[in-house]
Amino acid sequence: MAIRNIRTIGDPVLNKKCKEVKEMTPRIQELINDMFDTMYEANGVGLAAPQVGILKRIVVIDTTGEDPIVMINPRIIETSGEQTGGEGCLSVPGKTGTVTRPNYVKAIALNENMEAYEIEATELLARAICHETDHLDGELYVSKVEGQLMDTEEYYEEMDGTEVLDEE
């Protein structure tokens, strides 16, 4: 397992659509393990494969630090409600913006055994699933920011210290 370099805004790989994963291979398993290591090292709650330069439809998420989720070829099939809050990204370091996302998400994906499963999520986990699946289609959260993208510290001060949801 290894810590991989996180690609940052301006890197063309972040704007490309990822390819589906057809089978689990030792290299794909190693990528997933490295993605978790990289995400935890960077204090993130989610990471998509293009953020480490790999154009595969793979996402790892852990919003609690105790519940790692692997999503291979994820697809959101239902959303409802909305939530508006601060969002950040490991690929846009030091910046935060206000983004409105669904408050409820239902998605389907494959796990590490290439078995299909369904996941339902609300609040932070729903936000993370939306944020990470956007990465797989070459979309960064900055395209959804309402108002200005701000330095994270400045955002905190303006929002009177309310918690910023650091997606990645």
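Here the structure is shown first, and the text comes after it.
Fair warning: this is a prediction, and the values are worked out from it, not measured in the lab.

Peer 1: Describe the overall build of the protein chain, and please don't skip the residues or the numbers.
Peer 2: The secondary structure content of the protein chain amounts to three helices and eight strands. Sequence-ordered secondary structure for the protein chain, helices as α and strands as β, is α-β-β-β-β-β-β-β-α-β-α. C-alpha extents for the protein chain along the principal axes are approximately 45 × 35 × 30 Å. Within the protein chain, contacts between residues separated by at least 24 positions form 68% of all contacts whose residues are at least 6 apart in sequence. Counting 15 positive and 33 negative side-chain charges, the protein chain places the averaged centre of each group 12 Å from the other.

Peer 1: Any details on the sheet that holds strand β8 (residues 146-151)? Residues and values, ideally.
Peer 2: Read across the sheet, three strands follow the order β4-β5-β8 without closing on themselves; strand pairing throughout is antiparallel. Looking at strand neighbours, the two that pair on one side only are β4 (83-89) and β8, the edges of this open sheet. The mean inter-strand angle of the sheet, taken between neighbouring strand axes irrespective of direction, is 20 degrees. Relative to strand β5 (residues 92-101), β4 runs antiparallel, the two being bridged by six bridges.

Peer 1: Break down the nonpolar core for me, citing the residues and quoting the values.
Peer 2: Of all hydrophobic cores here, the largest spans 17 residues; its most connected members are Ile 61, Met 71, Ile 119, Leu 125 and Ile 129. Broken down by element, this core gets its largest block of residues, six residues, from helix α2 (residues 123-136). Beyond its immediate sequence surroundings of up to four residues, Ile 129 is in contact with Ile 61, Met 71, Ile 76, Val 105, Ala 107, Ile 119 and Ala 121. Ranked by size, the runner-up nonpolar core spans 16 residues in total, among them Leu 31, Phe 36, Val 60 and Leu 90.

Peer 1: With reference to specific residues and values, describe α2.
Peer 2: Given a rise of 1.5 Å per residue, 14 residues ought to cover 20 Å, and the 21 Å separating the end C-alpha atoms of α2 matches this to within 8%. The buried fraction of α2 is high, at twelve of 14 residues. By the burial criterion, the buried members of α2 are Leu 125, Ala 126, Arg 127, Ala 128, Ile 129, Cys 130, His 131, Glu 132, Thr 133, Asp 134, His 135 and Leu 136. A positive backbone phi angle near 80 degrees is found at Gly 138, which sits one or two residues after α2.

Peer 1: Lay out the environment of Ala 49 with the relevant residues and their values.
Peer 2: One can find Ala 49 in the loop between β1 (46-48) and β2 (58-61). Those residues in contact with Ala 49 that sit more than four places away from it in its chain are Leu 31, Met 35, Ile 54, Lys 56 and Ile 58.

Peer 1: Explain the sheet that holds β2 to me, using residue names and the numbers behind them.
Peer 2: With antiparallel pairing, the five strands of this open sheet are ordered in space as β1-β2-β3-β6-β7. Where the open sheet ends on each side, the last strands, each with one partner, are β1 and β7 (116-122). Across the sheet, the mean angle separating the axes of adjacent strands is 40 degrees when strand polarity is ignored. Here β2 runs beside strand β3 (residues 69-80); their pairing, made up of four bridges, is antiparallel.

Peer 1: Summarise the side chain of Thr 133; cite the residues concerned and give the values.
Peer 2: Relative to the helices and strands, Thr 133 is located in helix α2. Residue contacts for Thr 133: discarding those within four places in its chain leaves Pro 74 and Ile 76.

What counts as what
Residues numbered from 1 in each chain as written. Predicted model: local features only at pLDDT ≥ 70, side-chain atom pairs only at ≥ 80, totals over all residues. Heavy atoms only, no water. Helix = DSSP H or I, 4+ residues; strand = E, 2+ residues; numbered from the N terminus. Contact = heavy atoms within 4.5 Å. Lys, Arg positive; Asp, Glu negative; His and termini not counted. Charge placed at Lys NZ, Arg CZ, Asp CG, Glu CD. Pairing = 2+ DSSP bridges. Axes fitted to C-alpha atoms, helices over the stretch in contact; angles between N-to-C directions. Core = buried A, V, L, I, M, F, W, Y, C linked by side-chain atoms within 4.5 Å. Buried < 20%, exposed > 50% of the residue type's maximum accessible area, 1.4 Å probe, protein only. Expected span 1.5 Å × (residues − 1).

Interpretation in functional terms is not warranted from these geometric data alone.
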